[in-house]
Structures are given as structure tokens and as C-alpha cells.
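# Structural characterization, general
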Protein chains: 2
Amino acid sequence: MPPETDSSVPPQSAVSLDVLALRFWPDDETVHLGITHRKAQPFLGRLALPGVLLTRGARLADDAHRAVTTKLGVPASAIRAVGQLITFDEPNRDPRGPTLSIAMWAVCAPVESTADWAPLSAVPALAFDHDRIVADCRPLLAAKLWSDLTFTRALLGDSFSATRAVAATAALRRDPPNPANLNRLMASIPTLSRTDQRVRHHSTGRPAAIWTWT
Amino acid sequence: MPPETDSSVPPQSAVSLDVLALRFWPDDETVHLGITHRKAQPFLGRLALPGVLLTRGARLADDAHRAVTTKLGVPASAIRAVGQLITFDEPNRDPRGPTLSIAMWAVCAPVESTADWAPLSAVPALAFDHDRIVADCRPLLAAKLWSDLTFTRALLGDSFSATRAVAATAALRRDPPNPANLNRLMASIPTLSRTDQRVRHHSTGRPAAIWTWT
DNA sequence: ACAAAAGTGTTTTTTATACACCCATGG
DNA sequence: CCATGGGTGTATAAAAAACACTTTTGT
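Owing to the predicted nature of the structure, the values given are computational and were not obtained by experimental measurement.

## Section: the overall build of chain A
- Each helix and strand in chain A was counted, giving five helices and 10 strands.
- On the principal axes, the C-alpha backbone points of chain A span a range of 75 × 30 × 30 Å.
- Counting over 214 residues, chain A shows a buried share of 49%.
- In chain A, the proportion of contacts linking residues at least 24 apart, taken out of those at least 6 apart, comes to 64%.
- Taken as a whole, chain A presents about 10400 Å² of accessible surface, with 54% of it coming from carbon and sulfur.
- Within chain A, one finds 23 positive and 20 negative side-chain charges whose respective centroids are separated by 7 Å.

## Observations concerning the protein's contact with DNA strand C
- Within the structure, DNA strand C sits among 23 residues, and A162, T163, A180, R194 and A209 of chain B are positioned closest to it.
- Backbone sugar and phosphate groups make up 61% of those atoms of DNA strand C lying within 4 Å of the protein.
- Measuring from a base nitrogen of DNA strand C, one finds a backbone N or O atom of R206 of chain B at 3.4 Å.
- A distance of 2.6 Å separates a phosphate oxygen of DNA strand C from a polar atom in the backbone of A209 of chain B.
- Those elements that place two or more of their residues in the surface near DNA strand C are α5 (179–187) of chain A together with α4 (162–172), α5 (179–187), β9 (192–199) and β10 (208–213) of chain B.
- Taken together, the residues of the surface near DNA strand C sort by class into seven nonpolar, nine polar and seven charged.

## Description of the sheet that holds strand β10 (residues 208–213) of chain A
Residues and elements named next belong to chain A.
- If you trace the three strands from one edge of the open sheet to the other, you get β8-β10-β9, paired in antiparallel fashion. The open sheet has two free edges, formed respectively by β8 (159–161) and β9 (192–199), since each of these has just one partner strand. Averaged over all pairs of adjacent strands, the angle between their axes in this sheet comes to 30 degrees, without regard to strand direction.
- Direction of pairing for β8 relative to β10: antiparallel, over a ladder of three bridges. Considered in β10, the bridge of S159 is made with T212.
- Packed onto the sheet, helix α4 (residues 162–172) meets β8 and β10 and runs at close to 85 degrees relative to β8.

## Thoughts on the environment of D94 of chain A
Residue and element names in this part refer to chain A.
- For D94, the position within the fold is in the loop between β5 (79–88) and β6 (99–108).
- Note on D94: relative accessible area 7%, which makes it buried.
- A sequence separation of 70 residues divides D94 from F24, and the C-alpha atoms of the two residues are 30 Å apart.
- If we skip the residues at most four places from it in the chain, D94 touches P42, T99 and F128.
- There is a polar contact of 2.6 Å between the side chain of D94 and the side chain of R96.

## Quick word on the pairing of strand β6 (residues 99–108) of chain B
Residue and element names in this part refer to chain B.
- Extensive coverage of β6 is indicated by the burial of 10 of its 10 residues.
- Side chains of β6 alternate between two faces, with T99, S101, A103, W105 and V107 and L100, I102, M104, A106 and C108 buried alike.
- Pairing geometry for strand β1 (residues 14–23) and β6, over 10 bridges, is parallel. In the strand pairing of β6, V19 is matched with M104.
- Bridge analysis of strand β5 (residues 79–88) against β6 gives seven bridges, and the strand direction is antiparallel. By the bridge assignment, G83 is partnered in β6 with W105.

## Focus: the domain arrangement of chain A
All names here are of chain A.
- Splitting chain A by domain gives domain 1 (14–149) and domain 2 (158–213).
- Listed by partner, the interface residues are 15 residues for domain 1 and 17 residues for domain 2.
- For the pair domain 1 and domain 2, the two sides together bury roughly 1300 Å², of which 66% comes from carbon and sulfur.
- The interface formed by domain 1 and domain 2 includes zero salt bridges.
- At the boundary of domain 1 and domain 2, one finds seven residue pairs in polar contact (both at pLDDT 80 or more).

## What to know about the relation of the copies chain B and chain A
- Note on the identical chains: chain B maps onto chain A by a rotation of 179 degrees and an axial translation of 0.1 Å, with an RMSD of 0.1 Å. Taken together, the turn and the small shift mark the pair as related by a two-fold rotation axis. Taking C-alpha positions as reference, the residue of chain B nearest the rotation axis is I86 of chain B, located at 3.6 Å.
- When the interface residues of chain B are mapped onto chain A, 100% of them are again interface residues, pointing to one common binding face.

## Quick look at the interface of chain B and chain A
- Counting residues at the interface gives 27 residues for chain B and 27 residues for chain A.
- By the criterion of area lost to chain A, the three top residues of chain B are Q12, R56 and R59 of chain B, representing 30% of everything that side buries.
- Our enumeration of links across chain B and chain A arrives at four salt bridges.
- For the salt bridge of R59 of chain A with D89 of chain B, the shortest nitrogen-to-oxygen distance reads 2.9 Å.
- Here chain B is connected to chain A by 17 residue pairs in polar contact (both at pLDDT 80 or more).
- For the side of chain B that touches chain A, the elements supplying multiple residues, two or more each, are β1, α1 (60–72), β5 and β6 of chain B.
- It is β5 of chain B that provides the largest number of residues to the side of chain B that touches chain A, a total of three residues.

What counts and what doesn't
Residues take numbers from 1 onward in each chain, read along the sequence in its written order. The naming scheme follows written order: chains are lettered A onward, ligands numbered 1 onward. For a predicted model such as this one, the threshold for reporting local features is a pLDDT of at least 70, and the threshold for listing and counting side-chain atom pairs is 80 or more; totals across whole chains, interfaces and linings nevertheless cover every residue. To get the side-chain values, all heavy atoms of the structure are used, and hydrogens and water are removed first. By the criteria applied, helices consist of DSSP H or I runs no shorter than four residues and strands consist of E runs no shorter than two, each listed in order from the N terminus. Exposure is judged per residue with a 1.4 Å probe applied to protein chains only, and the accessible area is read against the type maximum: over 50% gives exposed, under 20% gives buried, and values in between give partly exposed. Any pair of residues with heavy atoms lying within 4.5 Å of one another is described as a contacting pair. Here, Shrake-Rupley sampling with a 1.4 Å probe gives the accessible areas, and only protein chains in the shown set may cover a residue. When charges are counted, Lys and Arg contribute as positive and Asp and Glu as negative, whereas His and the chain ends are disregarded. To locate a charge, take NZ of a lysine, CZ of an arginine, CG of an aspartate or CD of a glutamate. The near set for a molecule or strand comprises every residue that places at least one heavy atom within 4 Å of it. We call two N or O atoms a polar contact when they sit within 3.5 Å, provided that within protein one can donate a hydrogen and the other can accept it, with sequence-adjacent residues counted only if both atoms are side-chain atoms. Amino acid classes used here: Ala, Val, Leu, Ile, Met, Phe, Trp, Tyr, Cys and Pro are nonpolar; Asp, Glu, Lys and Arg are charged; the rest, including Gly, are polar. Two strands are said to pair when DSSP picks up at least two bridges between them. Note on method: axes are straight lines fitted to C-alpha atoms, helices fitted across the in-contact stretch only, with angles between N-to-C directions ranging 0 to 180 degrees. Where a domain begins and ends is set by an automatic assignment or by a domain database. Values labelled buried area give the accessible surface lost by two parts on being combined, using a 1.4 Å probe and summing over both. By convention in these notes, a salt bridge is any Lys or Arg side-chain nitrogen within 4 Å of a carboxyl oxygen on Asp or Glu. The copies were overlaid by least squares, fitting only the C-alpha atoms of residues that reach a pLDDT of 70 or more in each copy.

Listed below in C-alpha cells is the structure:
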């Protein structure tokens with residue numbers, strides 16, 4: 001068995017995939033981002049986005065699933081949807097050597113996991129350039145709400161109250177939306193319709209209507 | 001010299017970078033896409049987008065430059081700007097094995113090259129999944145015009161006539177813009193201003209104003 | 001003068017935003 | 001019956017699109 005010539009650097013940069021895993025469960029007041037303490041060097045113990053190296057032959061969606069399941073402990077069945085964001089290519093973003101990162105989003109359904117979940121408005125400092133990834137991708141996520149319906153449905157669920165629609169929108173955008181206008185925005189989406197059911201989120205005030213996808 | 005164990009598959013998919021290289025030179029009536037006959041298998045001799053494998057430690061912009069210079073014969077100094085589009089991850093998009101492709105755009109200045117240039121409205125069939133890449137990326141390019149000013153300036157040049165602004169817009173969008181409205185759109189861009197100079201593109205009709213970036 | 005193309009003025013449509021006020025409910 | 005939050009109606013603003021018409025040129 002000939003000695004491996006590990007001294008020869010690989011011809012390509014490594015390519016990793018980092019996931020902005022979101023959750024907005026029925027009892028969540030805001031959208032949360034899934035993060036985890038790193039189990040290995042570098043940045044051992046530090047908080048970071050769930051990430052994996054790309055697998056040969058895998059789709060990006062598959063690798064995103066793997067990152068969420070293995071790093072956040074979320075079962076695959078609880079991943080409602082995933083999608084692509086942008087690629088980060090700073091050569092020094094990983095101290096181990098040049099590593100591209102393809103940023104993806106994922107939305108997780110309510111389930112037990114080993115992840116830490118930070119409100120999107122209070123994400124702690126993260127390892128690598130993950131602070132920058134979160135900062136750069138946040139406007140992209142905000143733009144997806146109500147325009148990328150796969151993303152929107154995954155985040156809000158198959159049926160949701162108007163109150164929660166307001167909360168999700170407030171979490172992703174800078175300032176909270178006008179509830180009256182958001183109501184009309186939802187009414188203008190063909191695949192979304194309002195039901196007669198109402199639900200109460202506060203001890204007082206009118207209960208909110210339930211909306212469902214058709 | 002021990003035999004190379006080429007039978008061991010690499011752990012990651014290869015990652016290539018394919019470039020939608022655009023030109024819109026003073027004498028071009030429409031925007032053209034740079035393509036080239038492949039010099040190697042697979043698809044030897046077939047037309048394809050210029051593409052390269054990622055280089056370790058390189059920025060995506062560097063590799064995009066390399067693809068345009070080596071595959072299209074465009075000197076580096078003639079590449080006005082480059083940028084990122086989206087990543088394609090069909091596992092079977094390359095017969096040699098799983099290969100991701102990061103699609104980039106580039107804009108080339110007038111200069112001699114070895115490339116074929118096809119009008120964007122008449123791109124011939126291409127190798128790999130490059131037809132799909134062009135189809136998927138075209139709306140993204142259309143959206144960049146007049147909103148991504150780096151892209152817009154690279155395409156139209158430092159100064160350009162209103163007539164050419166109309167032609168470039170018609171080339172990237174489906175149907176031609178209303179010249180009156182495009183005129184106002186340009187006037188609303190702070191870094192763009194109209195000069196007193198006029199230029200004639202047709203044998204008849206009023207000559208068009210020249211616009212410049214400030 | 002006429003045809004062709006650029007550009008202006010103006011209207012219309014659409015979309016987004018704002019805000020006054022009515023509705024439903026628990027205390 | 002009042003405070004609270006949901007929802008409707010409507011006004012306002014901004015942006016986009018449409019279209020009639022004027023200007024500038026070569027023939």
C-alpha cells in the first residue's frame with residue numbers, strides 16, 4: 001500500500017453548505033434560527049449554523065437535509081422545505097483552508113431536536129463568517145415571504161391565523177406590517193383562502209381568522 | 001511510482017462554474033452570448049458555455065475571469081464585470097459524474113476573441129444542461145438591467161445613447177420597452193445623466209441623446 | 001412636406017402605504 | 001361598557017404602464 005501523498009493540496013476549494021434553518025411553531029412568538037455548538041475544531045464549542053461538506057452525487061437539497069438532521073437533530077420528516085440562497089466565497093472564511101459555502105434555507109416543523117433556537121432578532125455571535133451569512137441572507141428570506149409560496153407555506157403551516165401571519169412578517173422584515181394591509185395581501189394570493197374558523201391568541205380582543213392553502 | 005488508485009471516487013461532487021458572457025458592442029443590434037466549441041470530451045466539438053472547474057483558493061470572480069479568457073479568448077482586460085447567478089445541481093448534468101455548476105454572468109468589452117457570439121434571442125442548442133442554464137438565468141439577467149447598476153453600466157458602457165438603452169432592454173426582456181418610459185426610468189437613476197450630445201443610429205428620425213454615468 | 005424615430009405631457013392602472021373607524025370578545 | 005386586538009373601508013402616495021402628441025432629423 002503506497003503512502004498517501006496527503007501533502008498535495010486538493011485542486012479545488014472545499015465546498016460546504018450552511019443552512020439557515022427556521023422554525024415558527026404554534027407557540028413561537030417569533031421566527032427562530034437553528035444553531036448548534038460545534039463538536040469539532042475549528043471553533044470547537046462555538047455556536048454556528050448547521051453545515052456539512054457537499055456529498056458526491058447529492059442534490060443540494062439532500063445535503064441541506066443532512067446538515068439539519070445531523071447537526072440540529074431534527075428528523076428528516078420534520079423538514080418542511082428547503083431552498084437555495086447564495087454562495088459565499090471569501091477565501092479566508094474557514095481557517096482550515098479555502099472553502100466555499102452555499103447558503104440554503106430550511107423550515108422545520110414542530111418536533112424535538114438538539115438544536116439551539118435563537119429568535120431571528122437576537123442571533124448570538126456565530127463562528128466562521130456565519131454572522132455575515134445571516135446578515136446577508138436575511139433580506140433574501142424577508143423577500144421570500146408572501147412571494148415564494150413554498151417558503152411561506154412551510155413557515156406558517158397548512159393553516160394559520162392572521163395573527164401569526166403578522167408575527168411571522170414582523171419577524172422577517174424590519175418593522176411590523178400593517179395588519180389591515182397584510183390581510184388584503186393574503187386575500188390576493190389565489191392559493192390562500194380564509195375560513196370561518198377563528199382562534200384567540202390574546203386574552204382580549206377579537207379572535208383572528210384562520211387561513212388555509214387550497 | 002505506485003499506480004494511482006483512480007478507482008477511488010472523490011468524496012465531493014466536482015464543482016464547475018459556467019459563465020453567461022454577454023456582449024453589447026457599439027455595432028451590435030442586440031445582446032450576444034459568448035459560446036465556444038468544446039475542445040475535449042464529452043461533447044467534443046459541441047457548442048457550450050465557457051466553464052471551468054473551481055480553483056482552490058480562488059474567488060468565484062477569478063474563476064469566472066479564467067473561464068472567459070481561456071474558453072472564449074477574451075483578454076482579461078476586456079471583462080468589464082462579473083457576478084453570481086444561481087447553482088445548478090442535477091446529479092446527471094455532466095456524464096463524467098456528479099458536477100455542480102455555479103452560474104455566473106460576465107460582460108465583455110469590444111475586443112477580438114475566439115468566441116462564437118449568438119444573439120440572446122437565438123442561442124443554438126448547447127452541450128450539457130446549458131440550454132436550461134441559459135433559460136433559467138435569462139430572467140435573472142433581465143431583472144438586473146436598470147436595478148443592478150454594475151451590470152447595467154458594464155453592458156451599456158460608460159456612455160450610451162437612448163436608442164441603445166432601448167435595444168439592450170428589448171434584448172433581455174421579452175418585449176421591447178416603451179422608449180418614453182425607459183427615458184424616464186433612466187432619468188430617475190441618480191448616477192445617470194443626460195448630455196447634450198446626440199447620435200444617429202438610423203438613416204431617418206431624430207437622433208438620440210447620449211447618457212453618461214457620473 | 002413626409003416618414004421615421006426620439007422625446008414630452010398626460011392619463012390610466014396598479015401597487016403600496018397610511019389611517020379612520022367598525023367589529024368581536026373577555027373582563 | 002370598556003379596553004384590546006382583528007378587520008373593513010377609504011384616502012393617499014408612489015410606481016408602473018399606456019398612449020396621444022410634439023420635436024427633430026433625412027429624404
